[in-house]
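Survey of secondary and tertiary structure
As a plain string of letters, each chain reads:
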Amino acid sequence: MRKVAVVGVGETKFSAAQEKTSVELFAEAAMEAITGSNLKPENVQALFLGNVLGDFSEGQGMVQAFAAENIGCRNIPANRYEGACASASMAVRDAFMWVASGFYDIVLAGGVERAAIMGTALATRTFAMFSDSRYEFPSGITFPALFAMLAHLYAARYGIPIDKLKEQMATVSVQSYHYGLFNPKAHLRKEVDVEAVLKSFMVSTPLQLHDCCPFSDGAAALILASEGAAKKLTNRPVYITGVGQSSSGPLANQQDYLPRLRAREISSQQAYDMAGVKPKDIDVCELHDCFSIASLIAAEGLGFFEYGKAGEAWMKGEAAIGGKVAINPSGGLKSKGHPIGATGAGQVYEITKQLRGEVEPERQVDGARIGLADTLGGDGGTLVNIILQRGW
Amino acid sequence: MEYKLAFKDYNEALKRNKLLGLKCQECGVITVPPKMACRKCASLDMAVVELTGKGKIQTFTTCNVTSEGREDELPYVILLVELEESAWIMGNLTGTDPTTASMELIGQKVRMVEGKVFSGDRYSAGEGTSPVFRLEA
Ligand SMILES: [Zn+2]
């Protein structure tokens, strides 16, 4: 396999419902990535695009073909990926493998979503499609409800009083909001304290509004190139040194591991093994905090903290910049936002910027050399991890 | 290869308050809801069995927000129940005020009292049924 680098990145602002189309949003992110790589659209050999709900939000299927043509990448193979919230990370991983294999030298990967434009009721319905439609949707499962059940299970399993867990979860949200305040591309930019989290609307017990990420619109894009091609385009390549992906069945059938998500443990181990690094080597991590409890479960599954101890770690600042590992300095899904088909590419965008030392000083992880992206689809049905390292 | 216990047959039984599962003839584990392969050992040699519907609550949530078209059901409690046959299943709770549901529910014994039909929406390709549990007296 050949080495593969991220050469250029692009991202729109993640936002509430807005009027640009999916093709337009992706075009903006893609051209930022292409021009930032000193390339032209005709240099791109293939497109790998995450998009989940375009069929529902715009009545647009097969968006990848229209997106490629729109930006002048005419007649190239264009593939769409759907793995719920992990879609763009699947696209990036496949793009990586096609370049690593030697089949392509320069490809475009990314994602786009207009989750906000659907409104809460339809968005909640469509997000519930990432649970088992035959056997679990009849019970009224929603995306917050499944993580709410994991929160109660987490409290019971690890013997943490629910009020204490709620304070820990609130601390996770407060940290994410704080970093997002300094990220001009973040959807929700405001200072929120623990008291405000605990006073917010109860969505699905024990998860309150500020425990939940928003539905966002947005797009992100990356140019991936072989080592040889990358060296001609940039003197600061960020190499993808490890990738992993795994799947699981319906939530109830993950019974042997819950509240742990087995797919993450398998996926991240693949990525660590491939990169030859360990959790302690990760300087910066963008992990899948669709809900505050999801951050705790993720940080433990990725090997940063012991099971049942991640909440304490957040409260002690160990998950903050300057702590054991800087988690979600972008603001995460909580503050930066969650345009689901674009989220994973947005995480890789952030890690690349961090490793290049190009983010706002208030949220820059100084000297970061190794970063990890963690993206979860649905109820753990899809899990993707990507490790990136500075190439200079 | 024919599917041993298809959704339609599982659903028809649940509507009649009968909870069906599959018992692996190689490892003995119960798979529910039904699959082609045993959830433990992936054997295809499974037999349809009726489950007792008894179990204990592993976790729960009270939903105050739900999907488009299901708002009239709010608030409601969703459970993950560990059946006495040791398989977990998702269902709902009846006989307990959803607004008072608390951590004390976890570990409590429940029994399935009915299958509640969700009549379906424009996306669902028809109806589905949720097992509804009640706390044991
Ligand atoms: Zn078996």
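None of the values given here were measured: they were computed from a predicted structure. (Residues numbered from 1 in each chain as written. Chains lettered and ligands numbered in written order. Predicted model: local features only at pLDDT ≥ 70, side-chain atom pairs only at ≥ 80, totals over all residues. Heavy atoms only, no water.)

Residue and element names in this part refer to chain A. Closest axis-to-axis distance for the helix α6 (residues 143-157)/helix α11 (residues 292-301) pair is 9 Å, and the angle between their directions is 65 degrees. Along this stretch, α6 crosses α11, giving a crossing that reads as left-handed. Counted together, F147, L150, A151 and Y154 of α6 and I293, A294, L296, I297 and E300 of α11 form the full contact between these two elements. Here the contact of α6 with α11 is built from residues that sort into eight nonpolar, no polar and one charged. (Axes fitted to C-alpha atoms, helices over the stretch in contact; angles between N-to-C directions. Helix = DSSP H or I, 4+ residues; strand = E, 2+ residues; numbered from the N terminus. Left-handed = near helix turned anticlockwise from the far one by under 90°. Contact = heavy atoms within 4.5 Å. Nonpolar A, V, L, I, M, F, W, Y, C, P; charged D, E, K, R; others polar.)

All told, the structure shown has 16 aromatic pairs over all chains when counted by the stated rule. The interplanar angle of 75 degrees and the centroid separation of 5.4 Å between the aromatic rings of A:F56 and B:Y123 together place this pair among those described as edge-to-face. With A:F56 in helix α2 (residues 54-57) and B:Y123 in the loop between β7 (109-118) and β8 (128-135), this residue pair bridges two chains. One aromatic cluster in this structure is built from A:F127, A:F130, A:F143, A:F147, A:F215 and A:F291. It is A:R236 that lies over the ring of A:W392; its NZ or CZ is 5.8 Å from the centre. Above the plane of the ring of A:Y307 lies A:R260, whose end atom (NZ or CZ) is 4.4 Å from the centre. (Phe/Tyr/Trp six-rings, centres within 6.5 Å; stacked < 30°, edge-to-face > 60°. Lys NZ or Arg CZ within 6 Å of the ring centre and 35° of its normal.)

Take the domain arrangement of chain A next. Residue and element names in this part refer to chain A. What the domain assignment reports for chain A is domain 1 (4-119 + 215-239) and domain 2 (142-212 + 240-390). Of note, the centres of domain 1 and domain 2, computed from C-alpha atoms alone, are 23 Å apart. Tallying the contact residues gives 45 residues for domain 1 and 43 residues for domain 2. A combined buried area of about 3,300 Å² lies between domain 1 and domain 2, and 64% of that area is made up of carbon and sulfur atoms. (Domains from an automatic or database assignment. Buried area = accessible area lost by both parts, 1.4 Å probe.)

We now examine a nonpolar patch on the surface. All names here are of chain B. There is a patch of nonpolar side chains on the surface, built from M1, Y3, M36 and L44 and spanning about 430 Å² of accessible area. Here M36 is to be found in the loop between β2 (30-31) and β3 (46-50). By relative accessible area, M36 is classed as partly exposed at 31%. (Patch = residues over 30% accessible without salt bridge, like charges linked within 9 Å, V, L, I, M, F, W, Y side chains within 5 Å. Areas by Shrake-Rupley, 256 points an atom, 1.4 Å probe, with all protein chains shown as cover. Salt bridge = Lys/Arg side-chain N within 4 Å of Asp/Glu carboxyl O. Buried < 20%, exposed > 50% of the residue type's maximum accessible area, 1.4 Å probe, protein only.)

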